[in-house]
Amino acid sequence: MQQALHQLEVRTQGQGFTRLNPQLNQWLATTGIDLGVLHLSCLHTSASLTINENADPRVLDDLAAWMDALVPQDGYGPLNGLGKRVRYAHDDEGDDDMPAHIRTALTSQTLTLSVEHGRLLVGVWQGIYLWEHRAIPHQRRIACHLIGEARTPGRSGGR
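A. Structural context of a nonpolar patch on the surface. Judged by side-chain polarity, W66, L70 and L106 come together as a nonpolar surface patch covering roughly 330 Å² of accessible area. Inspection of the secondary structure puts W66 in helix 2 (residues 57–70).

Put into structure tokens, the structure is as follows:
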């Protein structure tokens with residue numbers, strides 16, 4: 001059994017999705033680990049990870065629209081007891097600050113994925129995405145912890 005730990009650096013373009021499959025598979029190929037489990041952790045409180053459709057961009061557009069409707073990024077929270085929306089107390093970095101934290105709480109900070117033949121074992125239409133919840137571009141880090149077995153000569157895929 002072997003382990004590998006890496007921090008993937010991802011530059012976002014602001015709010016939206018950045019597909020990670022190519023970068024993850026590129027790193028996996030360097031580890032020499034053939035079969036294992038990859039655990040991903042987003043090291044930020046205003047971005048998250050998701051597995052979703054990778055063929056039709058309208059799926060990601062619909063997800064973003066749904067999140068915009070659920071958690072608007074205008075700096076105002078849900079209705080108070082008087083039927084009015086009031087500003088969030090935490091707005092140190094702008095109107096999208098607290099909404100980004102709420103969006104992260106509603107989604108996922110971590111993913112655990114299978115690795116087979118030194119590549120992600122995902123469905124044909126599955127993309128692994130960093131979901132940026134802030135309006136402006138950010139440099140994000142994702143911890144990648146791989147645990148598994150190295151390739152051995154003569155071993156076929158009999159798993």
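After that view of the structure, there is still more to cover.
B. How the structure looks around the pairing of strand 10 (residues 139–150). Pairing of strand 1 (residues 2–11) with strand 10 involves ten bridges; the strand directions are antiparallel. Looking at strand 10, one finds that Q2 is bridged to G148. Looking at chain direction, strand 3 (residues 33–42) and strand 10 are connected through nine bridges and run antiparallel. Residue pairing for strand 10: G36 is matched across the bridge by G148.

C. Broad picture of the pattern of salt bridges. Counted according to the given criterion, the structure contains eight salt bridges. When the shortest N-O distance is used, the salt bridge between D96 and R134 registers 2.8 Å. Residue D96 is found in the loop between strand 6 (85–87) and helix 3 (97–106), and its partner R134 is found in the loop between strand 9 (126–132) and strand 10; the two are separated by 38 residues along the sequence. By relative accessible area, which is 4% here, R134 ends up buried. As a salt-bridge pair, E132 and R140 come within 2.6 Å of each other at their nearest N and O atoms. Classification of E132 as buried rests on a relative accessible area of 0%. Salt bridges sharing partners connect three or more residues here, namely R87, D91 and D95.

Rules and cut-offs
Residues numbered from 1 in each chain as written. Predicted model: local features only at pLDDT ≥ 70, side-chain atom pairs only at ≥ 80, totals over all residues. Heavy atoms only, no water. Patch = residues over 30% accessible without salt bridge, like charges linked within 9 Å, V, L, I, M, F, W, Y side chains within 5 Å. Areas by Shrake-Rupley, 256 points an atom, 1.4 Å probe, with all protein chains shown as cover. Salt bridge = Lys/Arg side-chain N within 4 Å of Asp/Glu carboxyl O. Helix = DSSP H or I, 4+ residues; strand = E, 2+ residues; numbered from the N terminus. Pairing = 2+ DSSP bridges. Buried < 20%, exposed > 50% of the residue type's maximum accessible area, 1.4 Å probe, protein only.

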